[in-house]
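Architecture at a glance
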Amino acid sequence: MPSNFKEEAFFTALMAGLMVLGMTMYNVVLHNGLAISSILDGLLGYPLALLVAVIFDMVLVGPIVKKIVFGYIRRNNLKDVKPLFIGLAISSMMVLGMVTLMSIFGMIMSPTQGSSLVAIYGHTWLFNLIVALPLQLLLVGPFSRKMLALIQN
C-alpha cells in the first residue's frame, strides 16, 4: 500500500496507465477487429482515456472506495486485517467504479447507433467488467504492487 503522496502518484500512474492501455486496446479491437488500424486507433485514444481515468480514480472512485473499505474495517473493529484482503477489496471495488464510469466515457467517445442506450450501456459495462476484473486482479494489480514494493525498499 502506498504510504505517501509520491508512492500514491507512482502507484496510480502505473495502475491506471496499464489498465487504461489494456482496456482501450480491448475495446478498440472488440469494435474494429484486430488490425494495425485498430492498434493505432487505440494508441490515439489512450492519452485522453488515461487523463479521464486518472481524474475519476483520484477525485471520485478512489476516495469513495477507500472510505467504504476502511470504514468497514473500522466499524467492525477488524484489527488484524491482512493487507491482501484490503488490496483485493479495494481493487475489486475500484474495477466496479471505474468500469461504470469509463464505459460511459467509451460510449461518448465512440457513439453507437441503437434503440436503447440503457441496453448498449449494460452490454458495454458487462463486457468491460469481464475483462477488467481479471486484468486487474491477475496481472496489473500484482505487477503494480510489486513495482511499488521495489521503490519502497
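Just so it is clear, the model here is predicted, and its values are computed rather than measured.

1. Looking at the overall build of the protein chain
The number of helices and strands found in the protein chain is four helices and zero strands. Helices (α) and strands (β) of the protein chain occur, in sequence order from the N terminus, as α-α-α-α. Surface summary for the protein chain: the accessible area is close to 9,500 Å², and the carbon and sulfur share equals 74%.

2. Brief notes about the packing of helix H3 (residues 83-109) against helix H4 (residues 117-152)
Where H3 meets H4, the axes come as close as 8 Å, and the angle between the chain directions of the two elements is 140°. Here H3 is positioned oblique relative to H4, judged by the angle of their axes. Here H3 runs over H4; the crossing is right-handed. Two secondary-structure elements touch here, H3 through Leu 88, Ser 91, Ser 92, Val 95, Leu 96, Val 99, Thr 100, Ser 103, Ile 104 and Met 107 and H4 through Leu 117, Ile 120, Tyr 121, Thr 124, Trp 125, Asn 128, Leu 129, Ala 132, Leu 133, Gln 136, Leu 137 and Arg 145. Each residue belonging to the contact of H3 with H4 can be placed in one class, and the counts come to 14 nonpolar, seven polar and one charged.

3. Description of the UniProt feature "transmembrane region" (unreviewed entry) in the protein chain
Here, UniProt's "transmembrane region" (unreviewed entry) annotation points to residues 9-29, 44-65, 85-108 and 120-140. What you have in residues 120-140 is 100% helix and 0% strand, and the ends, taken at the C-alpha atoms, are 27 Å apart.

4. Quick look at the nonpolar core
Counting 16 residues, the largest nonpolar core has Val 65, Val 69, Ile 90 and Met 102 as its most contacted members. Among the secondary structure elements, those contributing two or more residues to this core are helix H2 (36-75) and H3. Per-element accounting of this core gives the leading share, eight residues, to H2. Among the nonpolar cores identified, the runner-up in size contains eleven residues, and Phe 11, Met 23, Leu 129 and Leu 135 belong to it.

5. Side note on unusual backbone geometry
Positive phi values are uncommon outside glycine, yet Asn 77 reaches one of about 50°. In this fold, Asn 77 is placed in the loop between H2 and H3. Judged by relative accessible area, which is 51%, Asn 77 ranks as exposed.

6. Things to note about the packing of H2 against H3
Between H2 and H3, whose axes approach to 9 Å, the crossing angle comes to 145°. Classified by chirality, the crossing of H3 by H2 is right-handed. Tallied by class, residues from the contact of H2 with H3 come to 22 nonpolar, two polar and two charged.

7. So, the side chain of Glu 7
One can find Glu 7 in helix H1 (residues 5-32). Despite being buried, Glu 7 has no salt bridge partner; Lys 6 is the closest side chain of opposite charge, sitting 7.2 Å away. For Glu 7, the side chain forms a polar contact with the side chain of Ser 3, separated by 2.7 Å. A polar atom in the side chain of Glu 7 sits 2.8 Å from the side chain of Gln 152.

8. Overview of H4
Here H4 contains 36 residues, and its C-alpha end-to-end distance of 45 Å is more than 12% below the 52 Å for a straight helix at 1.5 Å per residue. Its axis deflected by about 50° at Gln 136, H4 carries its strongest bend there. Within H4, the full set of buried residues consists of Ile 120, Thr 124, Asn 128, Leu 129, Ala 132, Leu 135, Gln 136, Val 140, Gly 141, Ser 144 and Leu 148. Lining the buried residues of H4 we find H1 and H3.

Reading guide: rules and limits
Residues numbered from 1 in each chain as written. Predicted model: local features only at pLDDT ≥ 70, side-chain atom pairs only at ≥ 80, totals over all residues. Heavy atoms only, no water. Helix = DSSP H or I, 4+ residues; strand = E, 2+ residues; numbered from the N terminus. Areas by Shrake-Rupley, 256 points an atom, 1.4 Å probe, with all protein chains shown as cover. Axes fitted to C-alpha atoms, helices over the stretch in contact; angles between N-to-C directions. Parallel < 35°, antiparallel > 145°, perpendicular 65-115°, else oblique. Left-handed = near helix turned anticlockwise from the far one by under 90°. Contact = heavy atoms within 4.5 Å. Nonpolar A, V, L, I, M, F, W, Y, C, P; charged D, E, K, R; others polar. UniProt positions renumbered as here; feature names shortened; annotations may be inferred. Core = buried A, V, L, I, M, F, W, Y, C linked by side-chain atoms within 4.5 Å. Buried < 20%, exposed > 50% of the residue type's maximum accessible area, 1.4 Å probe, protein only. Lys, Arg positive; Asp, Glu negative; His and termini not counted. Salt bridge = Lys/Arg side-chain N within 4 Å of Asp/Glu carboxyl O. Polar contact = N/O pair within 3.5 Å; in protein donor to acceptor, adjacent residues only side chain to side chain. Expected span 1.5 Å × (residues − 1). Bend = angle between axes of the 7 residues up to and from the residue.

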